[in-house]
Every structure is written in C-alpha cells, then in structure tokens.
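Descriptive analysis of the structure
Chain by chain, the residues run as shown.
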Amino acid sequence: MNSQKTNSQFSTPWARKPQEQEGDYFFAGSVFMTSGVQSTLESQEILSIIADLRRAVKSENGLDYLQVYSHQDGRKVWIIDTLPKSRLDSDELSQTEKVEHNYFTILLSEEY
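No experiment lies behind these values; they were computed from the predicted model shown. (Residues numbered from 1 in each chain as written. Predicted model: local features only at pLDDT ≥ 70, side-chain atom pairs only at ≥ 80, totals over all residues. Heavy atoms only, no water.)

**Comments concerning the sheet that holds strand β4 (residues 76–81)**
To be explicit about the condition: At least two bridges found by DSSP between two strands are what make those strands a pair. For helices the rule is a DSSP run of H or I covering at least 4 residues; for strands it is a run of E covering at least 2, with both sets numbered from the N terminus onward. A fitted line through C-alpha atoms serves as each axis, taken over the contacting stretch for helices, and the angle formed by two N-to-C directions is quoted from 0 to 180°. Any pair of residues with heavy atoms lying within 4.5 Å of one another is described as a contacting pair.
Judged by pairing direction, the sheet is mixed, and its 5 strands sit side by side in the order β1-β3-β4-β5-β2 without closing on themselves. Single-partner strands in this sheet number two, and they are β1 (14–16) and β2 (30–33). Put simply, the sheet's adjacent strands are angled 20° from each other on average, direction ignored. Sheet topology note: the strand β3 (residues 66–71)/β4 ladder contains 5 bridges and is antiparallel. Within the sheet, the bridge partner assigned to Tyr69 lies in β4 and is Val77. Docked against the sheet, helix α2 (residues 43–60) engages β1, β2, β3, β4 and β5 (103–108), running at close to 135° with respect to β3.

**Structural notes on the packing of aromatic side chains**
Stated precisely, the cut-off is as follows: Ring pairs shown here join Phe, Tyr and Trp side chains whose ring centres sit within 6.5 Å, with only the six-membered ring taken for Trp; geometry is labelled stacked below 30 degrees between planes, edge-to-face above 60, and tilted in between. The buried label applies to any residue whose accessible area, calculated with a 1.4 Å probe on protein chains only, is under 20% of its type's maximum; exposed applies above 50%, and partly exposed to all values in between.
Under the counting rule described, the total for this entry stands at 4 aromatic pairs. When the centroid spacing of 6.0 Å and the interplanar angle of 55° are considered together, the rings of Tyr25 and Tyr65 count as tilted. Note that Tyr25 is positioned in the loop between β1 and β2 and Tyr65 in the loop between α2 and β3, a separation of 40 residues in sequence. Accessibility expressed as a relative area gives 38% for Tyr65, which makes it partly exposed. Aromatic side chains Phe32 and Tyr103 sit 5.3 Å apart centroid to centroid with 90° between the ring planes, which places their arrangement in the edge-to-face category. Of this pair, Phe32 sits in strand β2 while Tyr103 sits in strand β5, placing them 71 residues apart in sequence. Residue Phe32 is classed as partly exposed on the basis of its relative accessible area, which comes to 45%. Among the residues examined, Tyr103 registers a relative accessible area of 27% and is labelled partly exposed.

Here it is, written out as structure tokens:
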C-alpha cells in the first residue's frame, strides 16, 4: 500500500498568488509566525501553506522573498524570507549570522 499522499488529498482553501519577480529565496530557515496567524489559522492550514511553499521552491529552484497566499474568503497571508541563497552561499556572513538571520515570517497582510 502506498503511504504517500497526493496533493489532492491535502485540499486547502489557500492558494499561492503568482509572484511579481523571480528570486533565489528558499524559505529553508527557521519559521516564525505572528500572533495573528497563530490565532486565526489552524495548524493544518499553516502546515499546508508551508508544504505548498516548499514544493514551489523546489519546482522553481527559488522564489521571490515575498510570497502571498489568499484564502477563498478573501484573507491574505504573506510569507517573507530574509536571506537569499546567494548570501547564504557566500562568505559575506559568518556561520553564526547565517543561522541567526536565516528565517522566514508568516503574517496576515494587515499585520505588515
């Protein structure tokens, strides 16, 4: 029996909007979220959005630093990454700085 789930088994009312520019952000660092996201979205919604984002990063080999998800009811969630892969791969930052500053934040659009 195949234990892998297909994308259709994770139906979600959230959809990623087309990005306005290309980028080399991989959303691979720590995940932070605002209190608005924590109190408004269910855990499964957040996990579904992150899983979709990671699939998009892999398929596009990097994305713009800002990704927008919209809900069927009109709500919007922004996801903002802090460090592009080009900076993470460079010698510009120390290893400690790379760890400390490599994160992305999930927030409601009205919290920006």
